Amino acid sequence: MQIPDSIEAVIVEFDQKAEPFDMHAVQAALSSARTKLEDKTEASDAWADIVASCVQAEQEDRPPWNTYFGPMGSGTRGEAIVYFPDIRELTAEIVDHWETRADNLTHPVLRGRYADLVWDLSRNAANRRADIRFAQLAIDSYVASVADGHNPEAHDDVEALKRALQLAISIKDSDKTALLKAMMLTRFYAEVETDGWWRHLYSALTENRRSGLTADEKSHMVKGLEQLLTRFTSEATFDPHSSENVANYLLPYYSAAEDFDSVKRIGLAVSQAFEKIANAGSRMQAMAWLQTAAEFARRAGETDRVKELRVAREGAIRDSASEMKPFTYSQEISKAEIEEVNNALGDDNWEQNLFNIAAQFIIAKQQLRHQAQETSRSSPMMALFTTDVVAEDHVAARVGGADDEEGSLYRHADIARQANRIFLSSALNAAVERHRLSAEEIAAFSLRTNLFTDFPLVKAGIRAWLYGDYVKCLFVLVPQIEDAFRSLARNLGESVTKEKRGQRGWEVSVNLGDILAMEKVKAEVGEDVHFWFKSIFADARGMNLRNLVAHGLASREVANYVNCELVIHSMLILGAYRDVALSCVRRVE
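Figured I'd write up the structure that's included with this text.

Reading guide: rules and limits
Residues numbered from 1 in each chain as written. Predicted model: local features only at pLDDT ≥ 70, side-chain atom pairs only at ≥ 80, totals over all residues. Heavy atoms only, no water. Helix = DSSP H or I, 4+ residues; strand = E, 2+ residues; numbered from the N terminus. Rg over C-alpha atoms; globule rule 2.2 N^0.38 Å. Buried < 20%, exposed > 50% of the residue type's maximum accessible area, 1.4 Å probe, protein only. Contact = heavy atoms within 4.5 Å. Core = buried A, V, L, I, M, F, W, Y, C linked by side-chain atoms within 4.5 Å. Phe/Tyr/Trp six-rings, centres within 6.5 Å; stacked < 30°, edge-to-face > 60°. Lys NZ or Arg CZ within 6 Å of the ring centre and 35° of its normal. Axes fitted to C-alpha atoms, helices over the stretch in contact; angles between N-to-C directions. Parallel < 35°, antiparallel > 145°, perpendicular 65-115°, else oblique. Left-handed = near helix turned anticlockwise from the far one by under 90°. Nonpolar A, V, L, I, M, F, W, Y, C, P; charged D, E, K, R; others polar. 1 Å grid on protein atoms, 1.4 Å probe; cavity = no way out; pocket = protein on both sides within 12 Å on 5 of 7 lines; lining within 4 Å. Points joined across faces, edges and corners; volume = space filled by probe spheres on them. Pairing = 2+ DSSP bridges. Patch = residues over 30% accessible without salt bridge, like charges linked within 9 Å, V, L, I, M, F, W, Y side chains within 5 Å. Areas by Shrake-Rupley, 256 points an atom, 1.4 Å probe, with all protein chains shown as cover. Salt bridge = Lys/Arg side-chain N within 4 Å of Asp/Glu carboxyl O.

1. With respect to the overall build of the protein chain
Okay, so step 1: A count of helical and extended segments in the protein chain gives 27 helices and 6 strands.
Okay, so step 2: Over its C-alpha atoms the protein chain spans a radius of gyration of 32 Å, topping by over 25% the 25 Å that the globule rule assigns to 589 residues.
Okay, so step 3: Its C-alpha atoms give the protein chain principal-axis dimensions of about 90 × 65 × 45 Å.
Okay, so step 4: Counting every position in the protein chain, which comprises 589 residues, the buried fraction comes to 46%.
Okay, so step 5: Across the protein chain, the fraction of contacts at a sequence separation of at least 24, relative to all contacts at a separation of at least 6, is 64%.

Following this line, the structure appears as structure tokens:
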């Protein structure tokens, strides 16, 4: 490997610097020098130092190697995952180069980085065990970078101390471990005074039992945290969010020590702080802050206070509606477009016409996944955000985010239903008019699979829809859809009762959510029909119509023609669910 002169010049310049710098500055200078190289071989040789400067620390829980140093980020190229930089391309020759750098450089920041890279990545990059002297050299360099003021920011000092302690413990160097513990304790108290990087120092010393921290030293650190809590709950320096942060370290300490008086004192202090800002803020802010207040009241063991705060939060949620702003978009649909759809779905046979409507207006789950993936690619940040589904007086669900893989599908299903609502409405009306359909005929189509057990009630609900009595339609037919799924589960050999909670020996019927959770039911109707019904009737991330109706939460506004037409469409699907499921599969093939 022949390092280009311009790259070598950058390394020499930083090795001789007197003022503080970090590896980001080195990376910027090296990248600039590399872009000016015209020879591809030279640019390739420059990568050994480029990658050394731009890998990120504290990446043990991330791929590809779960080592201390790892890539800055990752992406996809086709189906393959790529990393930036891709440390999988490191070679034994590059590790040899790092060893030479570590032995020859004198600046603690540079020497520490190269020595630590050798110690951390040799096994994966060069298939060999690094000499322990590189760990020792990294420790000494990190200590020197802090003691001699070579790091530009406090977080650089803290990161260096943490890593040095980690290395000293790993090689069982008790003297260096003791030195670093002392340095970190001193720095902890300094950071407490400025509310700086104390969290990282506290965690590093208290969570690793081999750090050598004594009970007295830990108790003294806790006193420092108590000072912070007092500061953040005092009128002049009031900061509820910082008090919450401190409490999250104090409460586990006092709980482990069984000092429940302190647990109660701290939990109440934070709870009261959040209640105070909730009372002074908007109702939307109060929704979140009263939740935190209730959580810390619970941790304090104050049951009555938790109930009071929950009642207050319910009131804030109700009042928050006046602060919310609608977001709308317009969609122009011509009469010709509607007629084109109606003509495509229409058929001289009335049953075929109804089946066409049933199959057309259900979106296959794979299509929803594709839409979600496209959104993630085009708007990756938006895909990470969560959305709270707010009911009248509570947060019914939280949709999306990294921990909710299916959440985005509910969003896209709802968007699809809104986009299709005019077409569905027109298609249903056109079928009724074309074939002079009666409630009996529509009910008969729904009963083709023998899932509905009460024909007169189904007929009455459909007649209510035909005559615009949407309240009756909704409150009659939604329970009938649940009953149809109960029949399906029974036909599949599943139990349709369960033990009544809190009453041993009593039994109650399973609800729609229970039934849709049954694997046999899901397999029978297929994932597309299963998800469609779940998103409309039995999941708080969707419309949740069944629970709204069953629990008396459906207002008069819910009983409208749009929702009733979704219910009628659902009845049609159940009348031919196997063929509808097959149609969805063929659509995405």
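Having seen it, we continue.
2. What to know about the nonpolar core
Okay, so step 1: Ranked by size, the top nonpolar core spans 95 residues in total, and within it Leu90, Trp98 and Leu180 carry the most contacts.
Okay, so step 2: If you tally residues by element for this core, the top one is helix α5 (residues 108-126), at 9 residues.
Okay, so step 3: With near-sequence residues (within four places) excluded, Leu90 lies in contact with Trp47, Val51, Trp65, Trp98, Leu121 and Ala125.
Okay, so step 4: Counting 77 residues, the second-largest nonpolar core is a separate cluster that includes Ala427, Val510, Trp532 and Val580.

3. Digging into the packing of aromatic side chains
Okay, so step 1: All chains considered together, the criterion is met by 10 aromatic pairs.
Okay, so step 2: Between the aromatic rings of Phe188 and Tyr189, the centroid separation amounts to 5.3 Å while the plane-to-plane angle is 75°, which identifies the pairing as edge-to-face.
Okay, so step 3: Judged by its relative accessible area of 0%, Phe188 falls in the buried class.
Okay, so step 4: Ring geometry for Tyr253 and Tyr254: centres 5.2 Å apart, planes at 70°, overall edge-to-face.
Okay, so step 5: Taken together, the ring pairs connect Phe188, Tyr189, Trp198, Tyr202 and Tyr249 into an aromatic cluster.
Okay, so step 6: The residue whose ring lies beneath Arg163 is Tyr68, and the NZ or CZ to ring-centre distance is 3.8 Å.
Okay, so step 7: Sitting over the face of the ring of Phe238, Lys276 holds its NZ or CZ atom 4.6 Å from the ring centroid.

4. Quick look at unusual backbone geometry
Okay, so step 1: In this chain, Pro63 is followed by Pro64 through a cis amide linkage whose omega measures 10°.
Okay, so step 2: Among the structural elements, Pro64 can be located in the loop between α3 (40-54) and β1 (73-77).
Okay, so step 3: We note that Asn127 has phi near 55°; this positive angle belongs to a residue other than glycine.
Okay, so step 4: The topology assignment puts Asn127 in the loop between α5 and α6 (132-147).
Okay, so step 5: Phi at Asp195 is positive, roughly 50°, even though this residue is not glycine.
Okay, so step 6: Within the element layout of this structure, Asp195 appears in the loop between α8 (174-194) and α9 (198-207).

5. Details of the packing of helix α11 (residues 240-256) against helix α13 (residues 283-299)
Okay, so step 1: Interaxial distance between α11 and α13 falls to 13 Å at its minimum, and their mutual angle equals 25°. Taken together, the axes of α11 and α13 lie roughly parallel to each other. Viewed along their axes, α11 and α13 form a crossing whose handedness is left-handed. Each of His241, Glu244, Ala247, Asn248 and Leu251 in α11 lies in contact with α13, whose residues at this interface are Trp289, Thr292, Phe296 and Arg299.
Okay, so step 2: Along the lines of polarity and charge, the residues of the contact of α11 with α13 split into 4 nonpolar, 3 polar and 2 charged.

6. Notes on empty space enclosed by the protein
Okay, so step 1: One pass over the structure, following the stated rule, counts 1 cavity of 30 Å³ or more.
Okay, so step 2: A volume near 40 Å³ is recorded for the largest cavity.
Okay, so step 3: The wall of the largest cavity is formed by Leu354, Leu428, Ala431, Val432, Leu437, Ile442, Trp465, Ile568 and Leu572.
Okay, so step 4: Those elements that provide at least two residues to the lining of the largest cavity are α19 (407-435) and α26 (561-575).
Okay, so step 5: The element contributing the most residues to the lining of the largest cavity is α19, with 3 residues.

7. Here's the deal with the pairing of strand β2 (residues 80-84)
Okay, so step 1: Here β1 runs beside β2; their pairing, made up of 5 bridges, is antiparallel. Considered in β2, the bridge of Gly73 is made with Phe84.
Okay, so step 2: Hairpin connection between β1 and β2: a loop of 2 residues separates the two successive antiparallel strands, and Gly78 in this loop has a positive phi of roughly 70°.

8. As for a nonpolar patch on the surface
Okay, so step 1: A cluster of nonpolar side chains, namely Met381, Met382, Leu384 and Phe385, defines an oily patch on the protein surface of about 450 Å² accessible area.
Okay, so step 2: Along the polypeptide, Met381 turns up in helix α18 (residues 380-384).

9. Overview of the pattern of salt bridges
Okay, so step 1: Overall, the coordinates contain 31 salt bridges when judged by the stated rule.
Okay, so step 2: Put simply, Lys17 and Glu19 hold a salt bridge, and the shortest N to O gap is 3.2 Å.
Okay, so step 3: In this structure Lys17 comes out as partly exposed when scored by relative accessible area, which is 22%.
Okay, so step 4: The partner of Lys181 in a salt bridge is Glu217, and the shortest N-O contact between them spans 3.1 Å.

10. As for the environment of Cys54
Okay, so step 1: Relative to the assigned elements, Cys54 resides in helix α3.
Okay, so step 2: On the basis of relative accessibility, which here comes to 5%, the residue Cys54 falls in the buried class.
Okay, so step 3: Cys54 sits 24 residues away from Leu30 along the chain, and the two C-alpha atoms are 9.9 Å apart.

11. Some remarks on the packing of helix α17 (residues 365-378) against α19
Okay, so step 1: It is the contact of α17 with α19, at a shortest axis distance of 9 Å, that shows an interaxial angle of 105°. Considering the angle they form, α17 stands roughly perpendicular to α19. The residues of α19 that touch α17, namely those facing Lys365, Leu368, Arg369, Gln371, Ala372 and Thr375, are Ser408, Leu409, His412 and Ala413.
Okay, so step 2: Across the contact of α17 with α19, the residue classes break down as 4 nonpolar, 4 polar and 2 charged.

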